[in-house]
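Here's the letter readout for the chains.
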Amino acid sequence: MARYGDGDKRWIVEERPDGTNVHNWHWAETNCLEWSRTFFSNLLSNLTVVDGEGEAKDSEGKSLLKVDGTVEIPYISDENADEDPDLRVTVNDEGPVGKRLKEAMLSKGKPLILEKVKVWVQSMAEGGPVKDELDTKKASPAPVPAPAPQQQQQQNHVPVQVATAAKRDGSSEKKESKKGRKSIILTERFNCRARDLYEILLDENRWKGFTQSNARISKEVGGEFSIFDGSVTGTNMELQEGKLIVQRWRFGSWIDGVQSLVRLVFEEPEPGVTIIKLTHTDVPEEDRYGNATVVENTERGWRDLIFQRIRALFGFGI
């Protein structure tokens, strides 16, 4: 991971004149769940751990060797490609048969499964479902027959007028939509104390951990912060330990001078349960490049890149 400020500028959205969201790096995340399920189903469907035959039946002729169990990998990411993930085996049989099957899964099945996981990790590192979409888009279109000379002259004249009119109309609509502001309101539940969640959201080291990106965060009112490798910057407006965080937020891709307001209220209806109420106001409908998905991406960022990752990493409930 590069030090703060030393990152490759090709990945910084605001430095690109076309505003391209390179590999969805800027507050955008592709849902890889269904793609991963299909991927793993194909990888593991014919996996054989123990090869052989055996049969045992009771006095009624019922099989005694049917044992159910699960293999669980609590966390897996292409960001940890050089580390084997934790793999847990559970067998719903505490007898000698279940014990031997569990031992076989751990000794022989685990290496086989981890090899398949490495294939998934490599595919994710290469882009996963996004790469598949890009490969599809790169497919060459079918050739179009060239028109006759007279038809070509007519086509070269008429579409120019239509395209010009459409461009003028589009520019007018886009200019009006840039004036809009939206609000995001979310209520999330966590299995933790309110002060613990409050401390995590103001701790730059834990931010680095659950976002896998650089962060600098002041814990003082009036102090500044920078998160997601500098993509988001702002100022602490009001802080009440375990109860309230109010901050000014700004994305680097927004129009100059545009800022939003984030208000996080922490409620603890019972010990060990925290309800956090987010109100994110003055979010622009478009960024400086005309992308009209700012509100959608920001809301998804709160859910998937912040709240859900805190639950997953710190064990605060899924």
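Here's what I pulled together on the structure shown here. The shown structure was predicted, so the numbers you read here are calculated from the model rather than taken from an experiment. (Residues numbered from 1 in each chain as written. Predicted model: local features only at pLDDT ≥ 70, side-chain atom pairs only at ≥ 80, totals over all residues. Heavy atoms only, no water.)

Focus on the overall build of the chain
Alright, step 1. Tallying secondary structure elements over the chain gives seven helices and nine strands in all.
Alright, step 2. Taking the intrachain contacts of the chain between residues at least 6 apart in sequence as the baseline, contacts between residues at least 24 apart amount to 53%.
Alright, step 3. Counting every atom, the chain has about 20500 Å² of accessible surface; 48% of that belongs to carbon and sulfur. (Helix = DSSP H or I, 4+ residues; strand = E, 2+ residues; numbered from the N terminus. Contact = heavy atoms within 4.5 Å. Areas by Shrake-Rupley, 256 points an atom, 1.4 Å probe, with all protein chains shown as cover.)

Considerations on the environment of Gly-180
Alright, step 1. By secondary structure assignment, the location of Gly-180 is in the loop between α4 (149-177) and β3 (181-190).
Alright, step 2. Along the primary structure Gly-180 and Pro-284 are separated by 104 residues, whereas in three dimensions their C-alpha atoms are 6.1 Å apart.

Section: the environment of Val-221
Alright, step 1. One can find Val-221 in the loop between β4 (216-217) and β5 (224-227).
Alright, step 2. The exposure class assigned to Val-221 is exposed, which follows from its relative accessible area of 53%.
Alright, step 3. Taking the C-alpha atoms as reference, Val-221 lies 9.7 Å from Ile-245; in sequence the two are 24 residues apart.
Alright, step 4. Contact partners of Val-221, with chain neighbours within four places excluded, come to Asn-236, Met-237, Glu-238 and Leu-239. (Buried < 20%, exposed > 50% of the residue type's maximum accessible area, 1.4 Å probe, protein only.)

Quick look at the side chain of Asn-236
Alright, step 1. Looking at where Asn-236 falls in the secondary structure, it is placed in strand β6 (residues 232-240).
Alright, step 2. Reaching out from Asn-236, the side chain makes a polar contact with the backbone oxygen of Ser-218 at a distance of 2.7 Å.
Alright, step 3. One polar contact links Asn-236 to Gln-247, side chain to side chain, over a distance of 2.9 Å.
Alright, step 4. Here Asn-236 is in contact with Leu-202, Ser-218, Lys-219, Glu-220, Val-221, Gly-222, Gly-223, Phe-225, Val-246 and Gln-247, once residues within four sequence places are set aside. (Polar contact = N/O pair within 3.5 Å; in protein donor to acceptor, adjacent residues only side chain to side chain.)

Describing the packing of helix α5 (residues 194-201) against helix α7 (residues 294-314)
Alright, step 1. Here α5 crosses α7 at 115°, and the two axes come no closer than 12 Å. Taken together, the axis directions place α5 and α7 in an arrangement best described as roughly perpendicular. Crossing angle aside, the handedness with which α5 passes α7 is right-handed. Contacts between α5 and α7 pair Leu-197, Ile-200 and Leu-201 from the former with Ile-306, Ile-310 and Phe-314 from the latter.
Alright, step 2. For the contact of α5 with α7, a count of residues per class yields six nonpolar, no polar and no charged. (Axes fitted to C-alpha atoms, helices over the stretch in contact; angles between N-to-C directions. Parallel < 35°, antiparallel > 145°, perpendicular 65-115°, else oblique. Left-handed = near helix turned anticlockwise from the far one by under 90°. Nonpolar A, V, L, I, M, F, W, Y, C, P; charged D, E, K, R; others polar.)

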